[in-house]
Amino acid sequence: MKEGFRSTLALWKRSIRRGYDNMLRERNRLATWSALTGIFLLLQGSILVFLGIVGAESFLKSRTNLHLELLDAANDQEVQTFLSAVQNLPYVEQVNYITKEQAYAKMKEHDPELIAFIEELKLENPFPETAAVTLGRLDQYESFAGFLREERWRSIVDPSFLSQKTNQEAYVYELLQFTGTGRIAAIFFVVLTAGILLFITTELVRERVLRRKEEILVEQLSGAFSFNILLPYAMEAIIVLAIAAAMSIALCAGIGMLLLQIAPLPEGESAIGQLWESIYPLIGAYAPIILLLEIIAIPLIGWLGTWLGMLPKIHARALVLLRQ
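Residues numbered from 1 in each chain as written. Predicted model: local features only at pLDDT ≥ 70, side-chain atom pairs only at ≥ 80, totals over all residues. Heavy atoms only, no water.

**Q** Let's hear about helix α6 (residues 141-148): which residues, and what values?
**A** Counting along an α-helix, one turn takes 3.6 residues, and residues three or four places apart therefore face a common direction. All buried positions along α6 are accounted for by Y141, F144, A145, F147 and L148. Along the long axis of α6, the arc covered by the buried residues comes to 155°, so they all point the same way. (Buried < 20%, exposed > 50% of the residue type's maximum accessible area, 1.4 Å probe, protein only. Helix = DSSP H or I, 4+ residues; strand = E, 2+ residues; numbered from the N terminus. Arc of directions from axis to C-beta.)

**Q** Pulling in residues and values, what's your account of the side chain of S248?
**A** With respect to the helices, strands and loops of the structure, S248 is situated in helix α10 (residues 226-262). A relative accessible area of 0% means that S248 is categorised as buried. Apart from the residues lying within four places of it in its own chain, the contact partners of S248 are T37, F40, L41 and Q44. (Contact = heavy atoms within 4.5 Å.)

**Q** Residues and numbers for the pairing of strand β1 (residues 65-69), please.
**A** The two faces of β1 differ: L66 and L68 on one face are buried, but N65, H67 and E69 on the other face are not. Judged from the 5 bridges that link them, β1 and strand β3 (residues 130-135) form a sheet pairing that is antiparallel. Each residue of the ladder has a partner; that of H67, found in β3, is A132. (Pairing = 2+ DSSP bridges.)

**Q** Any details on the side chain of T201? Residues and values, ideally.
**A** For T201, the location among the structural elements is in helix α8 (residues 167-211). A relative accessible area of 3% places T201 in the buried class. Residues contacting T201, with those up to four places away along its chain left out, are A237, L241, I301 and G305.

**Q** Explain the sheet that holds β1 to me, and be specific about the residues and the numbers.
**A** Hydrogen bonding along the main chain pairs the strands of a sheet, whether they run parallel or antiparallel. An order of β1-β3-β2 is seen for the 3 strands of this open sheet, with the pairing classed as antiparallel. Two strands bound the open sheet, and with one partner strand each, they are β1 and β2 (92-98). Between one strand axis and the next, the sheet turns through 20° on average, direction left out of account. Relative to β3, β2 runs antiparallel, the two sharing 6 bridges. Note that in β3 the partner of Y97 across the bridge is A131. With respect to the sheet, α6 is in contact with β1, β2 and β3, its orientation differing from that of β1 by roughly 15°. (Axes fitted to C-alpha atoms, helices over the stretch in contact; angles between N-to-C directions.)

**Q** Just give me the short version of the pattern of salt bridges, but keep the residues and values in it.
**A** Considering all chains together, one arrives at 2 salt bridges under this definition. Among the ionic pairs, E150 bridges to R152, the shortest N-O distance being 2.8 Å. Classification of E150 as partly exposed rests on a relative accessible area of 31%. Close ionic contact of E151 with R154 constitutes a salt bridge, the shortest N to O distance being 3.1 Å. Residue class for R154 comes out partly exposed when judged on its relative accessible area of 45%. (Salt bridge = Lys/Arg side-chain N within 4 Å of Asp/Glu carboxyl O.)

So this is what it looks like as structure tokens:
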């Protein structure tokens, strides 16, 4: 049993050494590394775009306020009961009660010309009392609308007010639709890039096999198993992919640091700063997982690409044709 283990270990060591030596024999290895590095860079970039879209969706869903107009017929006790019931909903993050006077003062800051016109005509305060509701997730909008349509709230808030989306709500829904499309496109691009990487690996192995057909023929005639013939080429492909992945990670980190130096992201209460605060934790949380998946995917792609590239060549009839 020990002899079998030692023999297997020696086979793997010899295959790794041969794969490394074969890689160094290639004259166009720099071009190969550059091409694969570019593919890995596109793959990692598409993953970052996907995380950015997910972060943007989370930001939009958590930052949308719904303004509900309270009816004049509702008394203070009914309003407080309504606000308390809304606050207790599991998907409601915050509720703010805005009186007529507060709405008037706020509008005076944002549109003083309108307030000056109202005061000039000596009109009464035209602004209704409202409740600003922040949902934890915008996709709970329909559940909240169903809550407002209950019979007990008909004398406090008009349900039809919520069904008439404001410009802000319509804009956010359009953005969410856009980010949903972008997320699907990012996933498609990740899968497409992985497929291109597998195709390029297969073609590289096939091209190397054609150049080394005499070596494969000698191994086949000497009675070597197909696995023993395939293993060095698989090790070569895995080493090349690992080098390209490491180079792409270094380039991706370098490009990110350079962009931050050229155009630093704003901080604080700005929309872009808050958006970045939603995206950055996702990148930090998923970066180790992405790195682990790449480490797992590299040998899988190397093995599969090598098998697909060598399958027609290690067959006895194919070897005879190569020899001719």
